[in-house]
Amino acid sequence: MLTSNFQTSNRLLLVNPGQGFTLIEILVVLLILTVLVGIAIPRLPSFVDTADFDLEARRLELLLNMARNEAALDYVEFGFDLTNNGYEFVRYDAAAQRWLHQDPPYQARKLPEGLRLDLELSRSDFNLEGDSLPAVLILSSGETTPASITLKSDRQYRRTLRTDGYGPFTWLKDNGR
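The following paragraphs examine the structure supplied in this document. Within each chain, residues carry numbers counting from 1 in the order of the written sequence. Only residues with pLDDT of at least 70 are given local features in this predicted model, and only at 80 or more are side-chain atom pairs given and counted; all residues enter the totals for whole chains, interfaces and linings. Side-chain calculation: all heavy atoms of the structure are included, whereas hydrogens and water are not.

**Things to note about the overall build of the chain**
Rules: Strands here mean DSSP runs of E at least two residues long; helices mean DSSP runs of H or I at least four residues long; both are numbered from the N terminus. The cut-offs for exposure are 20% and 50% of the maximum accessible area for each residue type, with area from a 1.4 Å probe on protein chains only; residues under the lower value are buried, those over the upper are exposed, and the others partly exposed. Here, Shrake-Rupley sampling with a 1.4 Å probe gives the accessible areas, and only protein chains in the shown set may cover a residue.
Of regular secondary structure, the chain possesses three helices and nine strands. In the chain, which comprises 177 residues, the share counted as buried stands at 28%. Carbon together with sulfur atoms contributes 57% to the accessible area of the chain, which is approximately 12,600 Å² in total.

Here it is, written out as structure tokens:
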């Protein structure tokens, strides 16, 4: 019995050393690879072109909604405001009765070259009076200042993040994005 198994496995191991791929098979594989590369390369600049824009869009949405959730869970008040070349989050310190700049992940951020933010506040009958209030308030009650924050690039990409004041910040469908 052992002999027959040995003989069978020996026959399976015998391979014709002259066998390999034919020239036609190699040419077909090269043709397929050429077509795939030809499809992928023209799309590559658009991925690289929008990398900073897409990263900043995801970061902005994540930070705003994270601040909204943290405000409700920890009973703290956050603020969001635009700076000369970016944006920042502040947190209200009730003991000191002032807005404090934040540590990571809410530290002030500078936008990459070619990107800018526009902030539009929705008309509201509710107004707070005070010195140096942030433009967008993110309150522990879950409410926020109704606002639209538009991220724009020099290459004409734009996305608008909006909240109605009661729900999360969500992206609107914008041109080409």
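**Focus: unusual backbone geometry**
If a residue is not glycine, its phi is most likely negative; likewise, a peptide bond is most likely trans. Here the bond from proline 104 into proline 105 is cis, since omega is 5°, no more than 30 degrees from zero. Considering the arrangement of structural elements, one finds proline 105 in the loop between strand S3 (98-101) and strand S4 (109-110). Unusually for a residue other than glycine, glutamine 97 sits at a positive phi of about 50°. Along the polypeptide, glutamine 97 turns up in the loop between strand S2 (86-93) and S3. A residue is classified by how much of its surface remains accessible, and glutamine 97, at 61% relative accessible area, is exposed.

**Digging into helix H3 (residues 51-74)**
Counted only if it meets this: Helix span, as expected, comes to 1.5 Å for every residue beyond the first.
Given a rise of 1.5 Å per residue, 24 residues ought to cover 34 Å, and the 34 Å separating the end C-alpha atoms of H3 matches this to within 8%. Regarding H3, the residues found buried are Phe53, Glu56, Ala57, Leu60, Leu63, Leu64, Asn65, Ala67, Arg68 and Ala71. Looking at the residues trailing H3, positive phi occurs at tyrosine 75, about 55°.

**Here's the deal with the sheet that holds strand S7 (residues 147-153)**
Within a beta sheet, neighbouring strands are joined by backbone hydrogen bonds and run either parallel or antiparallel to one another. Cut-off, in case you're wondering: When DSSP finds two or more bridges between two strands, those strands count as paired. What makes two residues a contact is simply this: any of their non-hydrogen atoms within 4.5 Å. Every axis in this analysis is a line fitted to C-alpha atoms, fitted for helices over the stretch in contact. Angles between the N-to-C directions lie between 0 and 180 degrees.
With antiparallel pairing, four strands are arranged side by side in an open sheet as S5-S7-S8-S9. Whereas interior strands pair on both sides, the edge strands pair on one side only; in this sheet they are strand S5 (115-121) and strand S9 (170-171). Direction of pairing for strand S8 (residues 158-163) relative to S9: antiparallel, over a ladder of two bridges. The residue bridging leucine 161 from the neighbouring strand is tryptophan 171, located in S9. Running over the sheet, H3 touches S5, S7, S8 and S9 and is turned about 160° from S7.

**Quick look at the environment of lysine 152**
The test is simple: Polar contact is the term for a pair of N or O atoms within 3.5 Å; when the atoms are in protein, one must be able to donate a hydrogen and the other to accept it, and sequence-neighboring residues count only if both atoms are side-chain atoms.
In this fold, lysine 152 is placed in strand S7. Remark: the alpha-carbon pair of lysine 152 and leucine 115, spanning 37 residues in sequence, is separated by 5.6 Å. If we ignore the near neighbours within four places in the chain, the residues touching lysine 152 are Phe53, Gly114, Leu115, Arg116, Asp118, Tyr157 and Arg158. Of note is the side chain of lysine 152, whose polar atom sits 2.7 Å from the side chain of aspartate 118.

**Looking at the packing of aromatic side chains**
When we look at a pair of aromatic rings, we describe it by the centre distance and by the angle of the planes. Applied cut-off: Centres within 6.5 Å are what make two rings of Phe, Tyr or Trp a pair, Trp counting through its six-membered ring; a difference in plane orientation under 30 degrees is then read as stacked, over 60 as edge-to-face, and the rest as tilted.
Under the counting rule described, the total for this entry stands at seven aromatic pairs. Pairing phenylalanine 53 with tyrosine 157 gives two aromatic rings, centres 5.9 Å apart and planes at 45°, and the pair type is tilted. Residue phenylalanine 53 is located in helix H3, and its partner tyrosine 157 is located in the loop between S7 and S8; the two are separated by 104 residues in the primary sequence. Overall, phenylalanine 53 belongs to the buried group, its relative accessible area being 1%. Residues phenylalanine 80 and tyrosine 87 carry aromatic rings whose centres are separated by 5.6 Å and whose planes lie at 40° to one another, so their mutual orientation is tilted. A relative accessible area of 0% places phenylalanine 80 in the buried class. Here the aromatic cluster, defined as three or more aromatic residues joined through ring pairs, consists of Phe78, Phe80, Tyr87, Phe89 and Tyr106.

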